[in-house]
Amino acid sequence: MEGKLIIAVAGFPVISQTARSVLPTLAIGGHQRQRIGRYSCGPTVYDHAHLGHACTYVRFDILQRILSRLFGINVIHVMVITDIDDKIIQRSLEENISPTILARMYEEDFKRDMQALRVLPPAVYMRVTENISHIIAFTERIIGNGHAYVTSQVCKHSLVMDEQDREKRTVKMTEKAVEEHKSRQLHARRYKLSQLTSMIKQIEQLMEDDANADIVKNKLRVDFSGLQQELADLNSVLRRFMSDEEFLDDQRNWFDLKNKSINDFFWKCEEWMKEVMKRSEQAEECDKRRNAHR
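Peer 1: Help me out: how do you make sense of the environment of I62 in this one?
Peer 2: Mapped onto the elements, I62 comes out in helix α1 (residues 51-70). As for I62 and L120, which are separated by 58 residues in sequence, their C-alpha atoms are 9.4 Å apart.

Peer 1: Is there a simple way to think about a nonpolar patch on the surface in this case?
Peer 2: Taken together, I62, I66 and L70 make up a surface patch of nonpolar side chains, about 290 Å² in accessible area. Judged by relative accessible area, which is 63%, L70 ranks as exposed.

Peer 1: Honestly, the pairing of strand β5 (residues 35-44) in this entry has me stumped. Any pointers?
Peer 2: In summary, the side chains of a regular strand alternate between the two faces of the sheet. Taken together, the eight bridges between β5 and strand β6 (residues 74-82) define a ladder with parallel strand orientation. Looking at the pairing, G37 lines up with I76 of β6. Each parallel crossover has a hand, and the one from β5 via α1 to β6 is right-handed.

Peer 1: How do you make sense of the packing of aromatic side chains when you look at a structure like this?
Peer 2: Here the distance between the centres and the angle between the planes together describe a pair of aromatic rings. Applying the stated criterion across every chain yields a total of four aromatic pairs. Ring plane angle 75° and centroid distance 5.4 Å describe the contact between Y57 and F110, whose orientation is recorded as edge-to-face. Of the two residues, Y57 sits in helix α1 while F110 sits in helix α3 (residues 99-116), which places them 53 residues apart along the sequence. This pair shows no difference in class: Y57 is buried, exactly as F110 is. Ring centres of F224 and F266 lie 6.4 Å apart, and the angle between their planes is 20°; on these two criteria the pair is classed as stacked. Of the two residues, F224 sits in helix α7 (residues 213-239) while F266 sits in helix α8 (residues 244-292), which places them 42 residues apart along the sequence. A relative accessible area of 0% places F224 in the buried class.

Calculation criteria
All residue numbers refer to positions counted from 1 along the written sequence of the respective chain. Note on the predicted model: pLDDT of at least 70 is required for a residue's local features to be given, and 80 or more for side-chain atom pairs to be given and counted; whole-chain, interface and lining totals, by contrast, use all residues. By convention in this description, side-chain values take in all heavy atoms of the structure and omit both hydrogens and water. Strands are runs of DSSP state E lasting at least two residues, helices are runs of H or I lasting at least four, and both sets are numbered from the N terminus onward. Each patch is built from salt-bridge-free residues with over 30% relative accessible area, joining like charges within 9 Å and nonpolar side chains (Val, Leu, Ile, Met, Phe, Trp, Tyr) within 5 Å. Exposure was quantified through the Shrake-Rupley algorithm and a 1.4 Å probe, taking into account, for residues, occlusion by the shown protein chains and nothing else. In what follows, salt bridge is the name for a side-chain nitrogen of Lys or Arg lying within 4 Å of a carboxyl oxygen of Asp or Glu. Relative accessible area decides the class of each residue, using a 1.4 Å probe on protein chains only: under 20% of the type maximum gives buried, over 50% gives exposed, and in between gives partly exposed. Two strands qualify as a pair provided that DSSP identifies no fewer than 2 bridges between them. Think of it like this: strands point away, you trace from the first strand over the helix to the second, and a clockwise trace means the crossover is right-handed. Put simply, two rings from Phe, Tyr or Trp (the six-membered ring, in Trp's case) pair if the centres are within 6.5 Å, and we call them stacked under 30 degrees between planes, edge-to-face over 60, tilted for the rest.

Now the structure itself:
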């Protein structure tokens, strides 16, 4: 291997593009000080960084420090941030903010975490949204030379598309995220209603005995009211994912009816507690009269 410096790096196998095989060593040019390029796939910025991110970037930071400090090699590190993705769009809908703002927020959060871990920052940060045309051109090229393949028509359209197609796909992807989130919210609302229904049955059983008045009062004012508020909150969130007509129809034919029965039960309990208190006062008055005649 004349003219080459071979650095064995345990745990960091290197893929040889020419030999198309995995090598246990990293081949570097033979000059005393030289420059190499390093590409790393950054995070998809829809949430906070986690332990897996820390493990990955700390590990490669150690490798970069070995190359630069021990062997005097200038490492030019480029990191790509995935700042557009189905997960980003879905989270932006949940948070009711734009995907761009959400991505920038978590990108800066990620950078602060890496700084706290003392990970060397890359020489250049690149974002997917700023390089869409390059990504498409590269994808077209590797498909054209047979180094990639498509598995379905949907995949093909997501890989090779013109500007108009990209806009249509973005709209379609957003609509899909909205429908998925609406479906989850509807399921969550039904589950919350089932919890309320179960609690109503428990309270009705307790109301068979006046001695349970304090328990009923506590369940009604704390547990029942809490679930009722959660149900109302879920219903408010659903408003953002429905058209005006769809939402009005849902409220008229489903939510208003369910909510009315829940409110009716609440006031029924209030009346029952008043009756219990009245009966208790009457019983006390009877006891006072009885004791007065003794």
